[in-house]
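Structural overview
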Amino acid sequence: MIVVRQKPIDDILEMVARHKRVLILGCNTCSAVALAGGEKEVETLAELLRLATSRKGASIEFEGAVLQRQCEPEFIEELEEGGFDAFLSLGCGAGVALLSEKEDIPVYPGIDTLFIGASKGLANWQAECSACGECVLGETAGICPVTRCPKGIMNGPCGGVSDGQCELGDRDCAWVQIHERLEELGQDECITETHEPRDHSTKTLVREWDMSEPGERK
Amino acid sequence: MSLRAAFAEGRFAVSSEVGPPTGTDVSEMLETADMLHGRVDALNVTDNQAAVMRLSTIAACIHLKQHGHDPVFQVTCRDRNRLGLQSDLLGAASFGITEVLALTGDHVVVGDHPEAAAVFDLESVQLLDTVATLADGSDLAGNELTGSPEFFVGAVVTPDANPIRPQLAKFEKKVRSGARFFQTQAVYDAESFLRFMEYARQFDVRVLAGLVVPRSARMARFMNKNIPGITVPNAIIEELDASEDPVQTGVDVTGRFIREVREHCDGVHIMAIGAEHLVPRVLDAAGL
Ligand code: SF4
Ligand code: SF4
């Protein structure tokens, strides 16, 4: 799923400062699972924003609603007119973008879209994929070097690894894990083979994917 | 002198390093280089070392060369994509700067511009491949070069890395990708270094033992804790602790290490990190 994180209240207030009536719009798919865009989060955020505005002596009204998926037009069409002059979207970047395209008032992002991740426990997600457009997981025992190695290198580990920890000090070294897992899987040739530089053009050139007109994949 | 020449003549090679300034005044860097002249075969010129912004490495190499020194051009993959790296390698070679040390480079997050984009389009192994491609007369896109460089290229290895297996797998990739010489991360334990040399001797590469003079017990402990792949043995820390002149003790310890490994490796690379004046003293202590 897409993992997201709510922006700080002050940053949100700054964005919507010039508006009078704002609809906070949750997204009931990834965002809700990431505990940032479901019904409960929308209500809590509305309450917090009301409190913060009144403390500042401002007068902005905040209402809340939740769409099933902000990245699909049919769900956006369900939105009812409510006299709002701005949306605060709690959907990922795709949700914000589609809302902006379909609606004629400004849409602001209330969350930051972090990564495609997997659940690692209660309210805890690990970054697993950055949608690079050319998956190499088959060569790296299912551990993504693009996402989990901060350098995104293809022939690791780098000299920064220390006791299996990454030089950034906040995570295990992805490449040590890749080597260990490849050994466990008996895929030793993947350890000794040099991986070619990645093709970044895939990410740049794939800007739309229309299954009815697949075209040619490079 | 140069590393290439030292190896060709079968001499025990000595290299050290200088860091370009944060600004345009290169006088201090040149003074340091002059002070080391005649005592070292080559000087590594660092490349925004530790992700801290400095004057361009190529410019610094040119200054050094114009003053009669032999630079080793350190190239990291942090700040340039494959176009930038190839351009710079060709640019350096056009000035006769052909001794290159290929590095991945520290992440920008650990440096002084942590908000910068980290590039890492290639890393050390792919950079070595790139150097080989250029030397073969074409670029990575297959375009033919007008005038192709003859590089003498090296890489780094961490003999005390933990875990060691991935490190050695990468070392072997670097050998296959054309690394002719290696500089090691700082080593202190002669026995463990000699074990590494026994392994490295299977390959047709020259190895320079990396040295950092421990100037105090505090510095040694700091390195153990904070610098990946460095292990200063307790015996040395105790020696430094007990000493009335820890700097001299550090110089002696380093000199002793060189004497112990001299017959088993091809040279030393002394990383002075701000204490270049100690380099001649270390060489004296080692009888070099
Ligand atoms: S290699 Fe690319 S597509 Fe595959 S998991 Fe990593 S970022 Fe995602
Ligand atoms: S220590 Fe490992 S995870 Fe961290 S940057 Fe280096 S190779 Fe990548």
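Below: a short report on this structure. (Residues numbered from 1 in each chain as written. Chains lettered and ligands numbered in written order. Predicted model: local features only at pLDDT ≥ 70, side-chain atom pairs only at ≥ 80, totals over all residues. Heavy atoms only, no water.)

Regarding the packing of aromatic side chains
Residue and element names in this part refer to chain B. Selection rule: When the centres of two rings from Phe, Tyr and Trp lie within 6.5 Å, Trp using its six-membered ring, the rings pair. Their planes under 30 degrees apart give stacked, over 60 give edge-to-face, and anything left gives tilted. Secondary structure elements follow DSSP: runs of H or I of four or more residues count as helices, runs of E of two or more count as strands, with numbering from the N terminus. Exposure is judged per residue with a 1.4 Å probe applied to protein chains only, and the accessible area is read against the type maximum: over 50% gives exposed, under 20% gives buried, and values in between give partly exposed. Here, a charge over a ring is recorded when the distance from Lys NZ or Arg CZ to the ring centre is within 6 Å and its angle to the ring normal is within 35 degrees.
For the structure on display, the rule yields 11 aromatic pairs over all chains. Summarising the aromatic geometry, the rings of F171 and F203 are spaced 5.6 Å apart at their centres and angled 80° between planes, so their arrangement reads as edge-to-face. Of this pair, F171 sits in helix α6 (residues 165-176) while F203 is found in the loop between α7 (190-200) and β7 (206-211), placing the two residues 32 residues apart along the sequence. Taken together, a centroid distance of 6.0 Å and an interplanar angle of 45° make the contact between F196 and Y199 tilted. Taken together, the positions of F196 and Y199, both in helix α7 and three residues apart, correspond to about one turn of that helix. Judged on exposure class, the residue F196 and its partner Y199 are both buried. One residue, R262, lies across the ring of F12, its end atom 5.2 Å from the ring centre.

Digging into the interface of chain A and chain B
Quick reminder of the rule: Residue contacts are defined here by distance: any two heavy atoms, one from each residue, within 4.5 Å place the two residues in contact. Summed over both partners, the accessible area lost on bringing two parts together, with a 1.4 Å probe, is the buried area. Criterion for a salt bridge: a side-chain nitrogen of Lys or Arg within 4 Å of a carboxyl oxygen of Asp or Glu. Any pair of N or O atoms that falls within 3.5 Å is considered a polar contact. Within protein, one atom must be able to donate a hydrogen and the other to accept it, and sequence-neighbouring residues count only if both atoms are side-chain atoms.
With 28 residues of chain A at the interface, the matching set in chain B holds 24 residues. Interface of chain A and chain B: buried area, both sides summed, is about 2100 Å²; carbon and sulfur atoms make up 51% of it. At the boundary of chain A with chain B, the tally comes to one salt bridge. For R165 of chain B, the salt bridge identified is with E183 of chain A, shortest N-O distance 2.5 Å. There are 16 residue pairs in polar contact (both at pLDDT 80 or more) connecting chain A and chain B. Sorting the residues of the side of chain A that touches chain B by element identifies α7 (174-184) and α8 (188-192) of chain A as the ones contributing at least two each.

Structural notes on α7 of chain B
All names here are of chain B. Those residues of α7 that fall on the buried side of the exposure criterion are A190, S192, F193, F196, M197, Y199 and A200. Close packing links the buried residues of α7 with β5 (152-157), α6, β6 (181-186), β7 and α10 (246-261). A side-chain oxygen of the first residue of α7 lies 3.1 Å from the backbone nitrogen of E191; this N-cap is D189.

Some points on the sheet that holds strand β2 (residues 21-27) of chain A
Residues and elements named next belong to chain A. Selection criterion: Strands were regarded as paired on the criterion that DSSP finds at least two bridges between them. Axis lines are fitted through C-alpha atoms, for helices just across the contact stretch, and the angle between N-to-C directions can take any value from 0 to 180 degrees.
Read across the open sheet, the four strands follow the order β3-β2-β4-β5; overall the sheet is parallel. Looking at which strands have only one partner, the edges of the open sheet turn out to be β3 (61-67) and β5 (107-109). Pairwise comparison of adjacent strand axes, ignoring direction, gives a mean angle of 25° for this sheet. The sheet contact formed by β2 and β3 spans seven bridges and is parallel. Across the sheet, the residue bridging to C27 is L67, located in β3.

A look at the pattern of salt bridges
Once their charged atoms are close, side chains differing in charge can pair, the charge on each being opposite to the other. Residues and elements named next belong to chain A. For the structure on display, the rule yields 21 salt bridges over all chains. For R21, the salt bridge is made with E61, and the minimal N-O distance between the two is 2.8 Å. Note that R21 is positioned in strand β2 and E61 in strand β3, a separation of 40 residues in sequence. Judged by its relative accessible area of 23%, R21 is partly exposed.

Side note on helix α1 (residues 9-16) of chain A
Residues and elements named next belong to chain A. Stated formally: The arc in question is the one spanned by the directions pointing from the helix axis to the C-beta atoms.
Regarding α1, the residues found buried are I12, L13 and V16. Projected down its long axis, α1 shows its buried positions confined to an angular sector of 100°, all on one face. For α1, the exposed residues set more than 90 degrees away from the buried face come down to D10 and E14. Where α1 is buried, its residues contact β1 (2-6), β2, α3 (39-55), β3, β4 (86-89) and β5.

Side note on the side chain of T140 of chain A
Residue and element names in this part refer to chain A. Mapped onto the elements, T140 comes out in the loop between β7 (124-129) and α6 (145-148). On the basis of relative accessibility, which here comes to 0%, the residue T140 falls in the buried class. Among the polar contacts listed, one links the side chain of T140 to the backbone oxygen of I143, at a separation of 2.9 Å. Residue contacts for T140: discarding those within four places in its chain leaves P145, W175, I178 and L182.

Concerning the sheet that holds β7 of chain B
Residues and elements named next belong to chain B. Read around the closed barrel, eight strands run β1-β2-β3-β4-β5-β6-β7-β8, paired in parallel fashion. Averaged over all pairs of adjacent strands, the angle between strand axes in this sheet comes to 25°, irrespective of strand direction. Relative to strand β8 (residues 267-270), β7 runs parallel, the two sharing four bridges. Of the residues in β8, the one forming a bridge with G210 is H269.

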